[in-house]
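Given next are the chains, with one letter for each unit.
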Amino acid sequence: MTRYSNTREYRTIWISDIHLGTRGCKAEFLLDFLRCNDAETVYLVGDIVDGWQLRKSWYWPQTHNDVVQKLLRKVRHGTRMIYVPGNHDEWLRDYAGLWFGGVEMLDEAVHVTADGRRLLIIHGDSFDMIVKHARWLAMLGDSAYTLALWVNNHFNRVRRVLGYEYWSLSAFLKLKVKNAVQYIGSFADALADEARRRDLDGVVCGHIHHAEIRDLGGVLYCNDGDWVESCTALVEHFDGRLEILEWTECRSLEHIEMTPELPGLVGADL
């Protein structure tokens with residue numbers, strides 16, 4: 001596998017909820033992450049392309065095309081890449097079991113870590129009762145969420161002018177709403193129960209745009225977050241240890257504490 005002198009290497013990287021095709025997508029942050037990090041295996045855990053928004057209005061700037069090209073370039077250099085579609089790119093589920101440009105399409109997968117833990121890889125929308133049973137309500141919520149991201153983008157433009165770093169206003173507000181916190185907890189419990197039912201050690205998912213690593217009754221719950229709010233990824237080190245990278249924090253720490261070649265690391269690990 002081709003490696004670059006300025007990249008940090010991992011055994012596995014999980015990213016999801018990029019939402020290419022929307023104005024909320026932080027493609028520039030993701031391109032920076034992909035330039036600075038590499039792995040033997042990369043999982044794309046759903047909602048990579050946002051078909052819901054693209055059907056409403058076409059938006060596809062050059063940076064979004066650059067993300068696709070960067071991912072395919074990693075495949076050409078030897079990275080194994082597995083795409084597990086989500087609800088916003090659900091049409092790709094019809095192609096499960098096929099390969100496109102060296103990318104393997106699967107409904108779900110089981111990943112075995114270096115220390116032997118078996119993890120279910122799934123987007124998670126099938127465990128979201130709103131998406132599953134009230135699609136119209138999910139669509140309405142998606143429109144409201146898009147508005148919140150628009151406000152978030154303009155809020156951060158002002159912060160940049162004033163010399164401040166990126167900060168997700170939308171993520172902050174979401175975690176201040178009691179019902180949203182309860183929803184995140186019930187979603188995590190449902191995914192952990194599914195992994196337990198299958199006699200697996202844990203689960204890696206996306207969907208709810210909230211990155212975390214938690215032990216839920218002996219089952220490891222991992223959510224890799226998103227690239228519209230928090231700009232997060234889940235990584236596996238070569239000893240099997242799992243860690244969340246918050247990329248906006250990593251890059252800020254790099255400028256303060258690190259050499260330019262080595263991005264900082266933050267977040268929980270297990």
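Everything numeric in this text was worked out from a predicted model, so none of it was measured.

Thresholds, definitions, all that
Residues numbered from 1 in each chain as written. Predicted model: local features only at pLDDT ≥ 70, side-chain atom pairs only at ≥ 80, totals over all residues. Heavy atoms only, no water. Pairing = 2+ DSSP bridges. Helix = DSSP H or I, 4+ residues; strand = E, 2+ residues; numbered from the N terminus. Axes fitted to C-alpha atoms, helices over the stretch in contact; angles between N-to-C directions. Buried < 20%, exposed > 50% of the residue type's maximum accessible area, 1.4 Å probe, protein only. Right-handed = clockwise from strand over helix to strand, strands pointing away. Salt bridge = Lys/Arg side-chain N within 4 Å of Asp/Glu carboxyl O. Parallel < 35°, antiparallel > 145°, perpendicular 65-115°, else oblique. Left-handed = near helix turned anticlockwise from the far one by under 90°. Contact = heavy atoms within 4.5 Å. Expected span 1.5 Å × (residues − 1). Arc of directions from axis to C-beta. Core = buried A, V, L, I, M, F, W, Y, C linked by side-chain atoms within 4.5 Å. 1 Å grid on protein atoms, 1.4 Å probe; cavity = no way out; pocket = protein on both sides within 12 Å on 5 of 7 lines; lining within 4 Å. Points joined across faces, edges and corners; volume = space filled by probe spheres on them. Nonpolar A, V, L, I, M, F, W, Y, C, P; charged D, E, K, R; others polar. Phe/Tyr/Trp six-rings, centres within 6.5 Å; stacked < 30°, edge-to-face > 60°.

J.: Would you explain the sheet that holds strand β8 (residues 202-205) in this entry?
T.: Picture the strands of a sheet paired through backbone hydrogen bonds; they go either parallel or antiparallel. Judged by pairing direction, the sheet is mixed, and its five strands sit side by side in the order β6-β7-β8-β10-β9 without closing on themselves. Single-partner strands in this sheet number two, and they are β6 (109-112) and β9 (212-216). Across the sheet, the mean angle from the axis of one strand to that of its neighbour is 25°, orientation sign disregarded. Of the strand pairs in this sheet, β9 and strand β10 (residues 219-223) are connected by five bridges, and their pairing is antiparallel. Bridge pairing links E212 to N223 in β10.

J.: Hey, could you run me through the pairing of strand β2 (residues 37-44) in this one?
T.: Among the eight residues of β2, seven are classified as buried, and the element is accordingly described as predominantly covered. Sheet analysis places strand β1 (residues 8-15) next to β2, joined by seven bridges and oriented parallel. When the sheet's bridge partners are listed, T12 is paired in β2 with T41. For the handedness criterion, the β-α-β arrangement of β1, helix α1 (residues 27-36) and β2 is classed as right-handed. Sheet topology places β2 next to strand β3 (residues 80-83); four bridges connect them, and they run parallel. Within β3, the position partnered with L44 by the bridge is Y83.

J.: When you look at the pattern of salt bridges in this model, what are you seeing that I'm missing?
T.: All chains considered together, the criterion is met by 11 salt bridges. A salt bridge links E236 to R11, with the nearest nitrogen and oxygen atoms 2.8 Å apart. With E236 in strand β11 (residues 232-236) and R11 in strand β1, this residue pair connects regions lying 225 residues apart in the sequence. Looking at E236, the relative accessible area reads 0%, which means it is buried. Via salt bridges that share partners, E108, E194, R197 and R198 belong to a single interconnected network.

J.: What is the right way to read the packing of α1 against helix α3 (residues 62-76) from this model?
T.: For the pair α1 and α3, interaxial distance at closest approach is 9 Å and the crossing angle is 20°. The orientation of α1 relative to α3 falls into the category roughly parallel. Along this stretch, α1 crosses α3, giving a crossing that reads as left-handed. Across the interface between the two elements, A27, E28, L30, L31, L34 and R35 of α1 pack against T63, H64, D66, V67, K70, L71 and K74 of α3.

J.: Explain α3 here, please?
T.: An α-helix turns once every 3.6 residues. As a result, residues three or four positions apart point the same way. The terminal C-alpha atoms of α3 lie 21 Å apart, and with 15 residues this matches the ideal 21 Å at 1.5 Å per residue to within 8%. Buried within α3 are the following residues: H64, V67, K70, L71, K74 and V75. Seen from one end, α3 has its buried residues packed into an arc of 145°, which puts them on one side. Summarising the geometry of α3, the exposed residues directed more than 90 degrees from the buried face are Q62 and R76.

J.: Whenever I open this one, the nonpolar core confuses me. Can you help?
T.: Here is a general trend for soluble globular proteins: nonpolar side chains tend to be buried in one another's company. Counting residues in each nonpolar core, the largest one holds 33 residues, and the members touching the most others are I15, F33 and W227. Mapped by element, the contributors of at least two residues to this core are β1, α1, β2, α3, β3, β5 (103-105), β11 and α8 (247-257). Leaving out residues up to four positions away in the same chain, I15 has contacts with L30, F33, Y43, L44, V45, I48, D224, W227 and A233. Judged by nonpolar contacts, the second largest core, of 15 residues, contains W14, I82, V204 and C222.

J.: Just to check I follow, could you spell out the layout of surface pockets for this structure?
T.: The gaps left among the atoms become clear once a water-sized probe is rolled over them. By volume, the second largest pocket amounts to about 320 Å³. Looking at the second largest pocket, it is lined by 15 residues, and the ones nearest its centre are V68, L72, Y83, F100 and V103. The set of elements that each furnish at least two residues to the lining of the second largest pocket consists of α3, β3 and β5. The leading source of residues in the lining of the second largest pocket is α3, at three residues. Tallied by class, residues from the lining of the second largest pocket come to 14 nonpolar, one polar and no charged.

J.: Help me understand the sheet that holds strand β12 (residues 242-246), please; the structure alone is not making it clear to me.
T.: Strand order in the open sheet formed by seven strands is β4-β5-β3-β2-β1-β11-β12, with mixed pairing between adjacent strands. Two strands lie at the open edges of the sheet, namely β4 (99-100) and β12, each paired on one side alone. Against the sheet, α1 touches β1, β2, β11 and β12, its axis set at about 125° to β2.

J.: Got a minute to help me understand the packing of aromatic side chains in this structure?
T.: Two aromatic rings, taken as a pair, are described by how far apart their centres are and by the angle between their planes. All told, the structure shown has five aromatic pairs when counted by the stated rule. Between F33 and W247, the ring centres sit 5.2 Å apart and the planes meet at 85°, which makes this aromatic pair edge-to-face. One end of the pair, F33, is in helix α1; the other, W247, is in helix α8, with 214 residues separating them in the sequence. F33 sits in the buried class, given a relative accessible area of 1%. Owing to a relative accessible area of 1%, W247 belongs among the buried residues under this scheme. Here the aromatic rings of Y95 and F100 are separated by 5.6 Å at their centres, their planes lie at 90°, and the arrangement is edge-to-face. Chaining the aromatic ring pairs together yields one cluster made of F33, W227 and W247.

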